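Single-letter residue listing:
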Amino acid sequence: MFRGENEPADIRPYINFCKAISIMLIAGWHYWGLLTSCGNMKLLQKNALTELLMRYPASGILSGLKTFSLMALSLGMEMPHLFIIASGFGLYLSYLRKNEGWAVFYKKRFLRILPLYWIVVIILYANRLYTPLDGPKVLIYHLLLLQNFTKYALSFSAVWFVGYIAEMYALFPLFVKAFQNTKLKILLVIISLSGTFLIKKAMGMAGYEPLGKLPTLYLSSFVFGMFLAEGMHYGKTFFKRLFSPGCAPFYYVAAFLLLYLINNHAFFGTPLFINIFFMLFFLALYWIFKLAGSISPATQKIWNIVAYGSYFLFLIHQNLNIAVLKFLLRQGIAQYRFIDFSTMITIAASPRNVLLEFGIFGVTLLFSLMVQYGYDRAIGNLSKPSRA
């Protein structure tokens, strides 16, 4: 199973799979929010699973597939956890293998992430595709990657996530330093698991309500990814055991038990337990990925392709979907339940509209792949040393 002593042969394709499945379910969750007047379903909260099974009972094979699909789709809101586990893993593994120095590290991340992000934000602002709250402030906070500390975090929809990733990159040298000292590593784990609760509690006692999204929101997912990268790079025993077949049943039992507790007790629907759920989910999903790969090895190519375009697709999918749907509604192609072109739309959950959403996603993915490929070629050419 292991390449040399350390690496599962398919761990890097699995990381791409996690990125691909994350963006697909995030997009699907956003799309479903426009297809139903009851809003986006959220699986990881009290009574959510019970209500979903009552609304969509699994009474046969087809209805069972529909129920299972909606359960998966309902995880979309929380899928940034899975993406961030993969990001923490990839980022730390790259650092451990190359250790190029922080100047090179940040130059690469700057070129890979920020220019595309800034272009998208400026286009969204120019076309007023945002919640119109103090217009210029919206743009400034997003350009400076400070939106998650303000009430404007969601003004440009999904692009808040880039601000969060930037926070992780900014703090990454501190995380690396902590991983080099056992006591600091333990402190980092404690902060990552309890930081959100403690910050909210302290701010509440001081009479303040947190704005935006706290840096600790997905911190434990990022740190968990770093632990996996460290374990793989150094061939640690715990890593081999985590990815051993004998542990797989435990992951599934523990994940379903935690899902049951979240569904029945509000105490378990907190950030701490949701982060733990996604750590189990990451480990359990690996074996589904292996099974799918053994049945059809070509599926890995599909996940690699989607993962390659996932960043730009994440930036544009939500606003592009709304823009296309508004056009289709004006043309009478899409069917609507409620529409206000100046604010928000809710289209009917009809078979035609569902198929339209699949089509829109396919076109968005193709466009994202083209833009990402063109951009990568451009920065590749720009970063080459001059021959003059």
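Definitions and limits used
Residues numbered from 1 in each chain as written. Predicted model: local features only at pLDDT ≥ 70, side-chain atom pairs only at ≥ 80, totals over all residues. Heavy atoms only, no water. Helix = DSSP H or I, 4+ residues; strand = E, 2+ residues; numbered from the N terminus. Contact = heavy atoms within 4.5 Å. Buried < 20%, exposed > 50% of the residue type's maximum accessible area, 1.4 Å probe, protein only. Salt bridge = Lys/Arg side-chain N within 4 Å of Asp/Glu carboxyl O. 1 Å grid on protein atoms, 1.4 Å probe; cavity = no way out; pocket = protein on both sides within 12 Å on 5 of 7 lines; lining within 4 Å. Points joined across faces, edges and corners; volume = space filled by probe spheres on them. Nonpolar A, V, L, I, M, F, W, Y, C, P; charged D, E, K, R; others polar.

In this structure, what is going on with the environment of Phe227? I would like to understand it.
Tracing the backbone through its elements, the reader meets Phe227 in helix α9 (residues 219-233). Once the C-alpha coordinates of Phe227 and Ile85 are considered, the two residues, 142 residues apart in sequence, prove to be 9.8 Å apart. Residues in contact with Phe227, not counting those within four places in the same chain, are Phe179, Lys185, Val189 and Phe238.

Whenever I open this one, the environment of Phe156 confuses me. Can you help?
By secondary structure assignment, the location of Phe156 is in the loop between α6 (135-143) and α7 (160-179). Residue Phe156 is classed as buried on the basis of its relative accessible area, which comes to 0%. Placed 88 residues apart in sequence, Phe156 and Phe68 show a C-alpha to C-alpha distance of 31 Å.

What's the story with the pattern of salt bridges in this structure? I'm lost.
Two side chains bearing opposite charge may form a pair once their charged atoms approach each other closely. Applying the stated rule across the entire model yields 3 salt bridges. Ionic pairing is found between Lys108 and Glu100, a salt bridge with its closest N-O pair at 2.7 Å. Across the pair Glu230 and Lys185 runs a salt bridge whose closest N-O atoms are separated by 3.1 Å. A residue pair is termed long-range when its members are at least 10 positions apart, and Glu230 in helix α9 and Lys185 in helix α8 (residues 182-205) qualify at 45 residues. Several salt bridges share partner residues, and in doing so they unite Lys185, Glu230 and Lys236 into one network.

How should I be thinking about the layout of surface pockets in this particular structure?
Empty space within the second largest pocket amounts to approximately 1200 Å³. Lining of the second largest pocket is provided by 36 residues; of these, Leu25, Phe68, Ser69, Ala72 and Leu73 occupy positions nearest its centre. Going through the elements one at a time, α1 (11-35), α3 (61-74), α11 (248-264), α12 (271-295) and α15 (351-383) are the ones with two or more residues in the lining of the second largest pocket. Here the lining of the second largest pocket takes 9 residues from α1, the largest share from any one element. When grouped by side-chain class, the residues that make up the lining of the second largest pocket number 32 nonpolar, 2 polar and 2 charged.

All we've got here are geometric facts, nothing functional implied.
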